[in-house]
Amino acid sequence: MGAFTVLSLIIFLPLLGAVVIALTAPARSVVFKPVAVATSAVTGALILWLMADFDKNDGGFQYTQLVEWVSSAGISWHVGVDGISLFLVVLTGVLFPLAILACDPPHDAKAYYVWMLVLETGCLGAFLALDLVLFFLFFEIVLIPMYFLIGCWGHGNRKQVATKFFLFTLLGSALMFVGMLVLALLVVHETGEALTFNLLELANSVEELPIGTARWIFLSFALAFAVKVPLFPLHTWLPDAHTEAPTAGSVILAGVMLKLGTYGLVRFGLYLFPEASHYFAPLFFTLGVIGILYGAVVAAMQKDLKRLVAYSSVAHLGFIVLGIFAFNTEGISGGLLQMVNHGISTGALFLLVGFIYERRHTRQISELMGLQKAVPVLAAVFVVVMLSSVGLPGLNGFVGEFLILAGAFVAHRWWALLAAVGVILAALYLLWAYQRVFHGTPDEAATKMADLTWQEKLVMLPLVGLIVFMGVYPKPVLERMEPAVHLLIEHVEQVQGIESPTVNNRPHGSFVDLRELIKEHSYDHNGHDHDSHDHREGSDH
Amino acid sequence: MAAVFGQIATPHMDWLGLAPHMVMAGGAVLLLTIVSLAGRRLPAWFAGAWTVATSLAVIGLGFALWMRFDHGAWAPYEASDDGGLLTAAGAIGVGRFAVFVIVLLAAVVVLTVLVADDFLRREKLDGPAVYVLLMLSAAGGMTMSAANNLIVMFLGLEILSLAVYVLVAMHLRRSSSQEAGIKYFVLGAFASAFFLYGIALIYGGTGSLNLTEISLLLTESSTGAATVDKGLFYVGMAMLLVGFGFKVAAVPFHAWTPDVYQGAPSPVVVYMAAGVKAAGFAALTRVFMAAFVQHYDDWQPAVFGLAVASLAVGSLMGIVQGDIKRILAYSSISHAGFILVGMHGALGRGLASVMFYLAAYAAMAIGSFAVVTVVSGPGDENTDIASLRGLAVRRPMLAGAFTLLLLSQAGIPFTVGFWAKFEVISAAADNSFFELTVIAMLATVVAAFLYLRIVVVMYLDPPDADTPRLQVSVGPATAIAIVVLFTLAFGIYPEPLLNLADDAFSAMNLITQ
């Protein structure tokens, strides 16, 4: 196994498992789950090895592999991983085996596991692709397994919800498809070179395009990602899809698939269109903040526990967008970290809500009461996960939110202030929900509830462990992100320096001390960081 | 006798170039003769096997013809517009463009036979007539794709159409089949009249029926070396567009499509959706690119209008239909819109995308209508969308195949439909017609809803308790398996098909440069 093929192996391993399950006779249903868990666990292990082997001082792409694929259209199998995508891949590798292990489908186990594994391949492929068309292929193919997961194993109004989910996302990506082709073809017209969809080559030649054109293309990309994130007001598919999806579907949808949107904004927004993303940053900032406040307020009003968690995602994703469009190291690192945090804590919350639903067959807050006495272990896990989602210091959510707010504050003070209100609201709606569901005297149904099984504990253990670990010691994660984020910011500033030298609402002298303060308090940073940090300070004045 | 030949100068014939048409048409006539002589002594599978064998022979000839351009020209004839050879006094030109369409049509015939054979026995309609008509129609389509003369093209069009009129009305015990036949015939005859009148006006305007000559005359007229009556020419061109628009089911000449698709026997729809459309588009591109390319700027807006109207009407009207065949008919209209988007960018990369799309759409249409043939059951009546309820439980493989073909029609990644859209949209984007690309992609999203509706019924609705077990026999199963393989293989690795389409296109484009 050469280092060059390890990413392809990671992408195709789940698909291999899916094929094995698909070819197994339906009568041997007992093997489906072990095969699915084993495949995704081996994939996860491979990803963990990748993380350990990852060179943390290198901000560029590692383990890259480039194979010509559709050469007449300039499309290649081009995969690679850098600090920005690494932890999203890790998140995918961790969440999938847990989600598959945690929940058993009530019927059609074979198709269920096939779709789950196909979904994993799609998600991993999207995070690792360095070719625009390749990314798009994976970005869109994940809709199919998720459509069937919601449609076949979902609850309530699953037919309409699955269709709505599919069409919403397809609408976004349809315009991105146009934007992608227009981008590549215009670059050919401008540079006279052969048609290519290679992300790295396009990123270098995109400045040849007229500013107006680049902005339009950026918008077509951004719309696809904004639907996926989802940004207010394009979020309407999310509460439905999350609520009606089966538990594992919700975990993956919230934990991994929403990150395709935010990841896309970083990789194909900021990196590919620095000028345009800077130009439209106020729009995204504003929508992000609206999402934070709106998501929080609506979440507080929900009667359905799962819907509440779904709306909390809208708020959390608003934070991530805020961080990304702060255009500084703190904001972007915070955004990236928060993507992982949100994946862990919201994934865990959906699992817990799923456990409650399996026992009680209701998710209505008003019908649940006093669970703390009845199921203490579940309640304890719920507290930790909930507090992580609230952003309690010492747990992972705090580090991400703090970095985002710090980054946003130096860039756009008043927005950051408004966003900070969202943190308080998050505490409000989650604690209130906890109080209603877990406190009080257990009613008759609650006393009959069984606590977590060993299998469920096994699933929750790594998630809780990660929540605590990343809250106490985020350095291993941040130091691997840092070089890539620095490179990204350098690229953004370099291009902007040419395109729009006057646009600069970055901080001035008075904030430098604060920035240093933030950095010292949040994490250690090595000499490399100092160098590039100083370099950037120099360029400001 | 020898003296007579001495006096009448017969044009030199490139027999290999003409072989595909002759084998196909000759096969039809021979089959008719053999069956009428041997009568009932022949086994039931004979006519079908004969048709498949003939079509495979045509495909083989097609490969031979394709290869000969690699070795340079064999015979000393002038180069035709599609890089092939003009023969029969310039009336026929068989180049890679024509060969691409010929092979495609022959493949469509093979797959149609696979679907039809079992159907005909089920419906007690078996007999050689269907196969004879099918082969004759395909021979007409091949002539259209290779015609370099407007009258020859009209002959091809009529041979193609007349055979299909009869095929549509073939189901004797179903009044809707008769009705569809009459409807298609009346409207088709009307469109043919338009076409013929267009030819007359073009002849009046330019003084020639030969595509290459018309192109030459139009070029010379711009420098004053030749006189062309522009008025007659423009009206003639518009009438040809109407005639072709009818054949390819482009809006606003589409009104017959849903009714005829619904009424016609399902295997005939397999052929109509894949074969007739391919032949129509081949002829349309050939006439407009080979003869009228100097007036590209004049016909491009008309194609733009047809494309947008077809995309919009096809995808929007498809949503509200309750019959699978009508849904697929409207989807075929929206696909015609997509192909017209490629045609619209024909001067750039467009022609290659048209070729690719035709091949891809043929596969998807054959597969989809083959599934409909299987599902429709005895009497070919059961085509309401509700008849698909719970198909995923009743027939998982069939439902899976249909889903894949529908997703391919929606342009989902890793299917050939994705690359077809990719090519067409590239062509429009390359010509900087961004509004067209956006309209086309929005139509895709609307159409996706239409396909999802079918998927929802198959997977998410439980089967009715009293649904009889579906019989899937070997023929349709083989046809569906072949197109599914095609869809997946070229969906994952489209390069070979892209290159073939590119070759067919670059040959066609020779004279425009």
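Residues numbered from 1 in each chain as written. Chains lettered and ligands numbered in written order. Predicted model: local features only at pLDDT ≥ 70, side-chain atom pairs only at ≥ 80, totals over all residues.

Colleague: How would you summarise the overall build of chain A if you had to cite specific residues and measurements?
Modeller: In terms of helices and strands, chain A carries 23 helices and 2 strands. Its C-alpha atoms give chain A a radius of gyration of 22 Å, near enough to 24 Å, the size a compact globule of 541 residues would have. By its C-alpha atoms, chain A is 70 × 55 × 40 Å across when sized along the principal axes. Going through the 541 residues of chain A one by one, you find that 58% of them count as buried. (Helix = DSSP H or I, 4+ residues; strand = E, 2+ residues; numbered from the N terminus. Rg over C-alpha atoms; globule rule 2.2 N^0.38 Å. Buried ≥ 20, exposed ≤ 12 C-beta atoms within 10 Å, placed from the backbone.)

Colleague: Before we move on, could you go through the overall build of chain B and cite the residues and values that matter?
Modeller: A count of helices and strands for chain B gives 20 helices and 2 strands. Taking 24 Å as the expected radius of gyration for a compact globule of 513 residues, we find that chain B reaches 22 Å, a close match to that expectation. Dimensions along the principal axes, computed over C-alpha positions, put chain B at roughly 75 × 60 × 45 Å. Sequence-distant contacts in chain B: of pairs separated by 6 or more residues, those separated by 24 or more amount to 79%. (Contact = placed C-beta atoms within 7 Å.)

Colleague: Could you give me a rundown of the interface of chain B and chain A, with the residues and numbers involved?
Modeller: Taken together, the contacts link 26 residues of chain B with 24 residues of chain A. Elements with a contribution of two residues or more to the side of chain B that touches chain A: helix 17 (416–430), helix 18 (434–460) and helix 20 (495–508) of chain B. Of all the elements, helix 18 of chain B adds the most residues to the side of chain B that touches chain A, at 13 residues. Along the lines of polarity and charge, the residues of the side of chain B that touches chain A split into 19 nonpolar, 4 polar and 3 charged. (Nonpolar A, V, L, I, M, F, W, Y, C, P; charged D, E, K, R; others polar.)

Colleague: Before we move on, can you summarise unusual backbone geometry with the specific residues and values?
Modeller: The amide bond that connects F232 of chain A to the next residue, P233 of chain A, takes the cis arrangement and shows omega of 5°. Here the amide bond leading from V251 of chain B into P252 of chain B is cis, since omega sits at 10°, within 30 degrees of zero. Note that P252 of chain B resides in the loop between helix 9 (230–248) and helix 10 (256–263). The phi angle at A249 of chain B is positive, at roughly 60°, despite the residue not being glycine.

Colleague: Give me helix 18 of chain B: which residues, what numbers.
Modeller: Every α-helical turn comprises 3.6 residues, leaving residues that sit three or four positions apart pointing alike. Between its terminal C-alpha atoms helix 18 of chain B stretches 37 Å, which fits the 39 Å expected from 27 residues at 1.5 Å a residue. The buried fraction of helix 18 of chain B is high, at 20 of 27 residues. (Expected span 1.5 Å × (residues − 1).)

Colleague: Go over the environment of L442 of chain B with me, naming the residues and quoting the values.
Modeller: In this structure, L442 of chain B sits in helix 18. Between the C-alpha atoms of L442 of chain B and S315 of chain B, which are 127 residues apart in sequence, the distance is 9.6 Å.

Colleague: Requested: an account of the pairing of strand 2 (residues 75–81) of chain A, with residues and values cited.
Modeller: All names here are of chain A. Burial runs high along strand 2: 5 of the 7 residues are buried. The pairing of strand 1 (residues 62–70) with strand 2 spans 6 bridges and is antiparallel. Following the sheet pairing, Q62 is matched in strand 2 by V81. Between strand 1 and the antiparallel strand that follows it, strand 2, lie 4 residues; G74 among them carries a positive phi value of about 70°. (Pairing = 2+ DSSP bridges.)

Colleague: Residues and numbers for the confidence of the model for chain B, please.
Modeller: Residues and elements named next belong to chain B. Scored by pLDDT, chain B has a mean of 87; 93% of the residues are at 70 or more. The low-confidence segment residues 71–78, where pLDDT is below 50, has 10 contacts with residues more than four positions distant or belonging to other chains. Here residues 509–513 is a poorly scored stretch, pLDDT under 50, and it has 8 contacts once near neighbours within four places are set aside; other chains count. Here the complex is predicted with pTM 0.89, and the ipTM for its interfaces comes to 0.89. (pLDDT = per-residue confidence, 0-100.)

Colleague: Give me the packing of helix 16 (residues 396–410) of chain B against helix 19 (residues 474–492) of chain B: which residues, what numbers.
Modeller: All names here are of chain B. As a packed pair, helix 16 and helix 19 sit with axes 10 Å apart at the nearest point and diverge in direction by 45°. Our classification of the angle between helix 16 and helix 19 gives oblique. For helix 16 against helix 19, the interelement crossing comes out left-handed. In this structure, helix 16 contributes A401, L404, L405 and S408 to the contact, and helix 19 contributes I480, V483, V484, T487 and G491. Of the residues contributing to the contact of helix 16 with helix 19, the split by class is 6 nonpolar, 3 polar and no charged. (Axes fitted to C-alpha atoms, helices over the stretch in contact; angles between N-to-C directions. Parallel < 35°, antiparallel > 145°, perpendicular 65-115°, else oblique. Left-handed = near helix turned anticlockwise from the far one by under 90°.)

Colleague: I'd like a description of the environment of L42 of chain B, backed by residues and values.
Modeller: Residue and element names in this part refer to chain B. Within the secondary structure, L42 sits in the loop between helix 2 (15–38) and helix 3 (46–68). The exposure class assigned to L42 is partly exposed, which follows from the 14 C-beta atoms found within 10 Å. Each C-alpha atom of the pair L42 and F281 lies 38 Å from the other, and the pair is 239 residues apart in sequence.

Colleague: Which residues make up the packing of helix 6 (residues 143–153) of chain A against helix 11 (residues 247–270) of chain A, and what are the values?
Modeller: When two helices pack together, their arrangement is given by the angle between the helix axes and the distance between those axes. Residue and element names in this part refer to chain A. Where helix 6 contacts helix 11, the two axes come as close as 10 Å, and the packing angle between them is 150°. Read as a crossing pair, helix 6 and helix 11 show a hand that is left-handed. In this structure, helix 6 uses M146, L149 and I150 to contact helix 11, whose residues at the interface are G249, L253 and M257. In terms of residue class, the contact of helix 6 with helix 11 is built from 5 nonpolar, 1 polar and no charged.

Colleague: Hey, could you go over the confidence of the model for chain A for me, with residue numbers and the actual values?
Modeller: Close inspection of predicted coordinates is inappropriate in any region flagged by low pLDDT. With 91% of its residues at a pLDDT of 70 or more, chain A shows a mean pLDDT of 84. Across residues 522–541 of chain A, where pLDDT falls below 50, the model places 16 contacts with residues more than four positions away in sequence or in other chains.

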